[in-house]
Amino acid sequence: MSEAETVAADSGGERFDGPTIELRRVRKEYESGAGTVVALDDVDFGVQPGEFVAVVGPSGSGKSTLLNVLGLLDTPTSGLRLLRGRDVTSLDDEARTRARKDAIGFVFQDFFLIPSLTATENVELPTLFGDDPTATDRARDLLRRVGLGDRLDHTPNQLSGGQKQRVAIARALVNEPAVVLADEPTGNLDSDTGAQVLEEFRRICETGVSVVAVTHDPLVTEYADRTVELVDGRLGGVDDRHRSRPRPRPREADE
Amino acid sequence: MNLDTRLDGRPRLDRRFPATLMAWRNLSRNRLRSTLAALGIVIGVFAIATLGVFGNVLQLSATDSLGDLGTQVVVSPNPEAGVETLTSRDLQEISRATAGKGTAVPLYTDRAVVTGPGTRTGASLYGTADPRPLFEADRGTIPASHRQGALVGSEVATRLGVGVGGVVEVDGTRYRVLAVLAESEGISPVSPDNAVVLPERAFGADGYDQVVIEARSGEAATDVARTLDTRLNVRTERVVVFEFGRILEQIGEFFALLNGFLLGLGAVSLLVAGVSIFNVMLMSTAERRGEIGVLRAVGVQKRDVLRTLLVEAALLGLVGGAVGAVLSVLTVFALWWATPIELAVVLVARNAGAVLVAFGFGVVVSLLSGLYPAWKAASERPAEALRG
Ligand SMILES: Nc1ncnc2c1ncn2[C@@H]1O[C@H](COP(=O)(O)OP(=O)(O)OP(=O)(O)O)[C@@H](O)[C@H]1O
Ligand SMILES: [Mg+2]
């Protein structure tokens, strides 16, 4: 527990050579009225710093479950979970929340921006409860970096889907996480906008941040360094592992 | 664009009070619903505060006009027991019981037609040798020992058009007017305004009709009344010992009851307000389930979510309560302005207390109503909330 606290507390200052986040023989079962559902079945999975991994698989195969377990939103039934080499398998809620704040960024299919807050405030959201004097400046910088320098004080309903997703990406990055986890990040976007968002993910990877994106979208796999497939909670069918990093779209995709 | 200027003008999130500002923004999101929820509190607080103050004011006004009635005891024969007048033994008992505790004034009472210089009118007659403890002169003087002449009540004097030095005729006897009595304020056992006070010899000498005792204090009055009741009503209820303090007590009880009833009404409306806030909070947290999940996912602690949601509920209570309290104060002053209620009974600490208590209740009710929905929303596991 106390070691786990330390893990949560140090927010990526030190370099760790192994995977940013890693699951070893992780099993996740859901108890429901109809019986036990095995959503993840002995999954071994790791992401290197700066690596972009796409997770594909049919509906119900456990992709979201995998992200939740990776993102410390849910606790594995058995197995080991490591964040920068430290065991974070069974932290309590408070320590998990702190670890999420420090090391993990989330991007969702439905963006999940708070409609009553401006773009900048949405990006600041993870830092809001706590003393963080530079957060606003960081938020504005990040929004400029994702090309929203002229939308800083707009509310979500004044933004397009792609712009919203870029705000969400900026929000995921505001605490300089070790890994960004994205569930269907292009699911609500047309292919051009999706490509822009994926460009953004590539740029994130260049700064040493790991990205895991769960998707149905073949476009995502084009941008990823590596694609793994989940079928019925089992990880396998890994194609094009360690192939050289593709550059499918030129920079002109930027707006 | 117009919208941009509006947004530029809005205050930045104050990082020192994130919960408050988040809560405020959340409430502003659905203004109508927030307003309706707060309206319940407005009405509840208004009801409790206004009814509380109203009860106080009524009670204070009543006790004010009843004045020092609490020290008076009236002893009269009980006609139901066949007793028509008080005997001299009764009078002895009375003067023994009152010794050192107050003065007892025996009275004859009657009604008669009083004739003045031009007109005549009906009036109450009081007969006493010792009118000073009971009556006060407006003009003229009241004799220490009343042997001749008449003291005329103010209304009778006006109707008959007589003044000090004039003459009135009662039952064929003419009396010189020694004094015109001062108008009575409030309620008293003898009502002087419509009365004529005559010497004892004007009445048939078969016994007094009542004795008015003016005690030194409320306790003395109670004491005297109790003593007389045991001494004079040994076997039968020969005399009626009437203690005005008792009425005061009964009036007090009545107002306490009225107050309780009014406050109960207010409390019910607050309860309803609480239920409506409960409902609104449940609805709005259910709608924001995903958002709250995201808050938790990006690293906001459960307690901070809980605090934000509780602040939302508390803000509804604070705003609703403040509006209710202000409305109540305005209403009370309108009441003061429109009715003969005196400012002195409005500006008492108890009234301020009633308003504050009502306000406090409003806030507490909102907080309590928000407790469960906030706890429920904050405790939901983020993975569940995000699954939608
Ligand atoms: N809280 C839960 N309780 C019970 N069963 C659950 C729960 N969450 C997920 N499951 C089950 O676990 C399995 C994996 O679900 P998951 O949401 O991870 O699938 P997915 O791959 O993300 O699907 P999709 O592509 O449709 O989003 C499914 O069979 C689902 O029914
Ligand atoms: Mg899913």
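Residues numbered from 1 in each chain as written. Chains lettered and ligands numbered in written order. Predicted model: local features only at pLDDT ≥ 70, side-chain atom pairs only at ≥ 80, totals over all residues. Heavy atoms only, no water.

## Focus: the UniProt feature "transmembrane region" (unreviewed entry) in chain B
Residues and elements named next belong to chain B. Note the cut-off: UniProt positions are given in the numbering used here, feature names are shortened, and annotations may be inferred rather than shown by experiment. Runs of E in the DSSP output that reach at least two residues are strands. Runs of H or I that reach at least four are helices, and both are numbered from the N terminus.
Per the UniProt record, "transmembrane region" (unreviewed entry) is annotated on residues 35-55, 254-282, 309-337 and 343-372. For residues 35-55, the end-to-end C-alpha separation is 29 Å, with 100% helix and 0% strand making up the annotated structure. Here residues 309-337 is 100% helix and 0% strand, with 42 Å between the C-alpha atoms at its ends.

## As for the environment of Leu315 of chain B
All names here are of chain B. Which entries qualify depends on this criterion: Between buried and exposed lies partly exposed: a residue is buried under 20% and exposed over 50% of the maximum accessible area for its type, with that area taken using a 1.4 Å probe on protein chains only. Any pair of residues with heavy atoms lying within 4.5 Å of one another is described as a contacting pair.
Relative to the elements of secondary structure, Leu315 occurs in helix H9 (residues 302-338). In this structure Leu315 comes out as buried when scored by relative accessible area, which is 12%. Sequence-wise, Leu315 and Leu367 are 52 residues apart; in three dimensions their C-alpha atoms are separated by 8.9 Å. Excluding residues within four positions of it along the chain, Leu315 makes contact with Thr20, Ala23, Trp24, Leu27 and Gly320.

## Considering the packing of helix H6 (residues 161-173) of chain A against helix H7 (residues 191-206) of chain A
In a pair of packed helices, the angle between the axes and the distance between the axes together describe the arrangement. All names here are of chain A. How we decide: Axis definition: a line fitted to C-alpha atoms, limited for helices to the stretch in contact. Angles are taken between N-to-C directions and run from 0 to 180 degrees. Note that the term roughly parallel is reserved for angles under 35 degrees, roughly antiparallel for angles over 145, roughly perpendicular for angles of 65 to 115, and oblique for everything else. By convention, the crossing between two helices is left-handed when the near helix turns anticlockwise from the far helix through less than a right angle, and right-handed when the turn is clockwise. Ten residue types, Ala, Val, Leu, Ile, Met, Phe, Trp, Tyr, Cys and Pro, are classed as nonpolar, four, Asp, Glu, Lys and Arg, as charged, and the remainder, Gly among them, as polar.
Running from N to C, H6 and H7 cross one another at 15 degrees; their axes reach a closest spacing of 9 Å. By the angle between their axes, H6 is roughly parallel relative to H7. You can see that H6 and H7 cross each other, and the crossing is right-handed. Taking contact as the criterion, the partners of Gly162, Gln165, Arg166, Ile169 and Leu173 in H6 are, on H7, Thr193, Gln196, Val197, Glu200, Phe201 and Ile204. By residue class, the composition of the contact of H6 with H7 is 5 nonpolar, 4 polar and 2 charged.

## Concerning the site of ligand 1
Quick reminder of the rule: When we say a residue is near a molecule or strand, we mean one of its heavy atoms is within 4 Å of it. Throughout this description, a polar contact denotes any pair of N or O atoms lying within 3.5 Å of each other; where both atoms belong to protein, one of them has to be capable of donating a hydrogen while the other can accept it, and for residues adjacent in sequence the pair is counted only when both atoms sit in side chains. Methods summary: accessible areas were calculated by the Shrake-Rupley approach with a probe of 1.4 Å, and residue burial reflects only the protein chains presented.
Taken together, the neighbourhood of ligand 1 is formed by 14 residues, with Ser59, Lys63, Ser64 and Thr65 of chain A together with Arg387 of chain B sitting nearest. At ligand 1, the nearby residues belong to more than one chain, namely chains A and B. Ser59 of chain A is positioned such that a nitrogen or oxygen atom in its side chain is 2.4 Å from an oxygen atom of ligand 1. Measuring from a nitrogen atom of ligand 1, one finds a side-chain N or O atom of Glu384 of chain B at 3.1 Å. Here ligand 1 loses 72% of its free accessible area of 640 Å² to cover by the protein chains. Those elements giving two or more residues to the shell around ligand 1 turn out to be strand S2 (35-47) and helix H2 (63-70) of chain A together with helix H12 (382-387) of chain B. With 3 residues, H2 of chain A is the single largest residue contributor to the shell around ligand 1. Of the residues in the shell around ligand 1, the class split is 4 nonpolar, 7 polar and 3 charged.

## Details of the pairing of strand S8 (residues 195-198) of chain B
Residue and element names in this part refer to chain B. The cut-off we apply is this: What makes two strands pair is DSSP finding at least two bridges between them.
Neither face of S8 is left uncovered, since the one carrying Ala195 and Val197 and the one carrying Val196 and Leu198 both have all their residues buried. Judged from the 4 bridges that link them, strand S3 (residues 120-127) and S8 form a sheet pairing that is parallel. Counted as the bridge partner of Gly127 is Leu198 from S8. As paired elements, strand S5 (residues 150-152) and S8 share 2 bridges and run antiparallel to each other. Bridging from a neighbouring strand, Leu151 pairs with Val197 of S8.

## Points about the UniProt feature "domain: ABC3 transporter permease C-terminal" (unreviewed entry) in chain B
The feature "domain: ABC3 transporter permease C-terminal" (unreviewed entry), as given by UniProt, occupies residues 265-380 of chain B in the numbering adopted here. Across residues 265-380 of chain B, the secondary structure splits into 90% helix and 0% strand, with the terminal C-alpha atoms separated by 37 Å.

## Some points on the packing of aromatic side chains
The cut-off we apply is this: Geometry of aromatic contacts follows a simple scheme: Phe, Tyr and Trp rings, the Trp one being its six-membered ring, pair when their centres are within 6.5 Å, and the pair is stacked under 30 degrees between planes, edge-to-face over 60, tilted otherwise.
For the structure on display, the rule yields 9 aromatic pairs over all chains. Taking the centre distance of 5.4 Å and the plane angle of 80 degrees together, the rings of Phe108 of chain A and Phe112 of chain A count as edge-to-face. The class for Phe108 of chain A is buried, based on a relative accessible area of 9%. Here Phe112 of chain A falls in the buried class, since its relative accessible area comes to 17%. Between Tyr108 of chain B and Phe203 of chain B the ring centres are 5.2 Å apart and the planes differ by 5 degrees, which places this aromatic pair in the stacked class. Linking Tyr108 of chain B in strand S2 (residues 102-115) with Phe203 of chain B in the loop between S8 and strand S9 (210-215), this pair joins segments that are 95 residues apart in sequence. Given the relative accessible area of 8%, Tyr108 of chain B is considered buried. The structure contains a cluster of three or more aromatic residues connected by ring pairs, namely Phe106, Phe108 and Phe112 of chain A.

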